[in-house]
Amino acid sequence: MPNRIFLSSPHMSKEGFEMQYIKEAFDQNWIAPLGENVDQFEIEFANIVGIKAAAALSSGTAAIHLALKAAGVGQGDIVFCPTLTFSATANPIIYQNAIPVFIDSDKETWNMCPLALEEAFKKYPEVKAVIVVHLYGLSANMDKIVELCNKNNVVLIEDAAESLGTFYKGQHTGTFGSYGVFSFNGNKIITTSGGGMLVSNNERKIKKARFWATQSRDQVRHYQHSELGYNYRMSNILAGIGRGQLKVLEQRVEKKRYIYHYYKEKLSEINELELMPENAWDAPNYWLSCILLNGKMRPDEVINALEKENIESRPLWKPMHMQPYFEEYDYVGTDVAEKLFKNGVCLPSDTKMTEEDLERVTNIIKRLG
Ligand SMILES: *Cc1c(COP(=O)(O)O)cnc(C)c1O
């Protein structure tokens, strides 16, 4: 069997930056809970994305949960959420006993459709918050979405879990809304093996999020709690991995961009296939290179043919309004997200891929086309 080619797997620096920070934590016996690596990771991360404050957490999902809580979302509140996303965007809405309303995508960005969002605002003027997602590292149409949220006086939360390193008109995604969320899960562009970051220009809210994330312990000697708490903080070891990974973020984006353009060039001869959209305003991180099939070739065929050669690929996210768990919630839009799901494939976009690996992938697809 030829070497396994992964969709997107952890890629530590060849210099061993991560181990140096881990070793420091060991030497100081600062394995847990918090410590120097956590504090520094937050500061370094905030500087890189260009925001005032950041809280390192146990996952991106935890960060979305605390963003909703910080936005004041609670029992019975309505939250708009893109339908085409990973369930981790929507689940925390339910954790807060709030009600998701799912919004369709547009073809230009694959992300939240501003027209559908506008329609949703008319239908639900009482909406409490909007979560926008930057899927596969492509930024959403932020000018329109920010304008609509401002006009309606609604809090905007950005799920930038997949878009660390993506810029919209020169500004980092995750810094447009009141809160931004990032993930360091194993398959993301950089990883801490598991973890997340909540960012905001509101330093008071970030401080509060850290408090909630450490069981809401009041500032007294005995264990006293005036609020509900969570165990959501990142460990000092994992933050060390994160500090090391930040040093190679640009390299990773560069390689992802290379992979995307390789696919684009080599697969362009197949008429019934297109790469995910590029927009003039967008400098994506190209986390995953995705294709859309609009002819006889079907996603299952591509995925099976690749799997037979030990190559990992997968369909696009299955829309939330089509999920058994979320079916009962309202959906605003047409069939754009559904069609993306039915016709899309995420191609292997692993930063450790060689030229030979890329050739293997494109040859298999060309044989099908
Ligand atoms: C990965 C991901 C998350 C969740 O991040 P975790 O760190 O795995 O909890 C949320 N939203 C999107 C769009 C993601 O891809």
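Residues numbered from 1 in each chain as written. Predicted model: local features only at pLDDT ≥ 70, side-chain atom pairs only at ≥ 80, totals over all residues. Heavy atoms only, no water.

Asker: Help me out: how do you make sense of the sheet that holds strand β13 (residues 314–315) in this one?
Answerer: The strands that make up a sheet pair up through hydrogen bonds in the backbone, lying either parallel or antiparallel. An order of β10-β12-β15-β13 is seen for the 4 strands of this open sheet, with the pairing classed as antiparallel. Taken across any chain shown, the strands that pair with only one partner, and hence form the sheet edges, are β10 (273–275) and β13. Inspection of the sheet shows β10 paired to strand β12 (residues 289–293) by 3 bridges, in the antiparallel sense. From the neighbouring strand, leucine 275 faces β12, where its bridge partner is isoleucine 291. (Pairing = 2+ DSSP bridges. Helix = DSSP H or I, 4+ residues; strand = E, 2+ residues; numbered from the N terminus.)

Asker: How should I be thinking about the domain arrangement of the protein chain in this particular structure?
Answerer: Accessible area lost during the coming together of the parts is what is often quoted as the interface size. One can read the domain layout of the protein chain as domain 1 (17–246) and domain 2 (249–368). Facing 48 residues of domain 1, the contacting portion of domain 2 comprises 37 residues. Both faces considered, domain 1 and domain 2 share a buried interface measuring about 3,700 Å² in area, 65% of it formed by carbon and sulfur atoms. Counting across the domain 1 and domain 2 interface gives 1 salt bridge. Put simply, aspartate 330 and lysine 123 hold a salt bridge, and the shortest N to O gap is 2.7 Å. (Domains from an automatic or database assignment. Contact = heavy atoms within 4.5 Å. Buried area = accessible area lost by both parts, 1.4 Å probe. Salt bridge = Lys/Arg side-chain N within 4 Å of Asp/Glu carboxyl O.)

Asker: What's the story with the pairing of strand β8 (residues 179–183) in this structure? I'm lost.
Answerer: Looking along a regular strand, one sees the side chains alternate between the two faces of the sheet. Extensive coverage of β8 is indicated by the burial of 5 of its 5 residues. Note that strand β5 (residues 155–159) and β8 share 3 bridges and pair parallel. If you follow isoleucine 157 over to β8, its bridge partner there is tyrosine 179. Sheet topology note: the β8/strand β9 (residues 196–200) ladder contains 4 bridges and is antiparallel. (Buried < 20%, exposed > 50% of the residue type's maximum accessible area, 1.4 Å probe, protein only.)

Asker: Help me understand the pairing of strand β2 (residues 78–82), please; the structure alone is not making it clear to me.
Answerer: Most of β2 is tucked away, with 5 of its 5 residues classed as buried. Of the two faces of β2, the one lined by Ile78, Phe80 and Pro82 and the one lined by Val79 and Cys81 are each fully buried. Where β2 lies against strand β3 (residues 99–103), 5 bridges are found, and the strand directions are parallel. The residue of β3 that forms the bridge with phenylalanine 80 is valine 101. Regarding topology, helix α4 (residues 87–95) serves as the crossover connection from β2 to the parallel β3, and that connection is right-handed. (Right-handed = clockwise from strand over helix to strand, strands pointing away.)

Asker: Help me out: how do you make sense of the packing of helix α5 (residues 114–123) against helix α6 (residues 142–151) in this one?
Answerer: Helix packing geometry: the angle between the two helix axes and the distance between the axes. For the pair α5 and α6, interaxial distance at closest approach is 10 Å and the crossing angle is 10°. One element, α5, and the other, α6, form an angle in the roughly parallel class. Contact residues: Pro114, Leu117, Glu118 and Phe121 in α5; Lys144, Ile145, Leu148, Cys149 and Lys151 in α6. Among the residues forming the contact of α5 with α6, the class breakdown is 6 nonpolar, no polar and 3 charged. (Axes fitted to C-alpha atoms, helices over the stretch in contact; angles between N-to-C directions. Parallel < 35°, antiparallel > 145°, perpendicular 65-115°, else oblique. Nonpolar A, V, L, I, M, F, W, Y, C, P; charged D, E, K, R; others polar.)

Asker: Just checking my understanding: could you explain the site of the ligand for this structure?
Answerer: Around the ligand there are 15 residues in total, and Thr61, Asp159, Glu162, Ser183 and Lys188 lie nearest to it. At 3.3 Å, a side-chain N or O of lysine 188 approaches an oxygen atom of the ligand. For the ligand, the protein covers 94% of the area, taking 380 Å² as the surface of the free molecule. Within the residue set of the shell around the ligand, elements represented by two or more residues are α3 (60–70) and α4. Taken together, the residues of the shell around the ligand sort by class into 4 nonpolar, 8 polar and 3 charged. (Near = heavy atom within 4 Å. Polar contact = N/O pair within 3.5 Å; in protein donor to acceptor, adjacent residues only side chain to side chain. Areas by Shrake-Rupley, 256 points an atom, 1.4 Å probe, with all protein chains shown as cover.)

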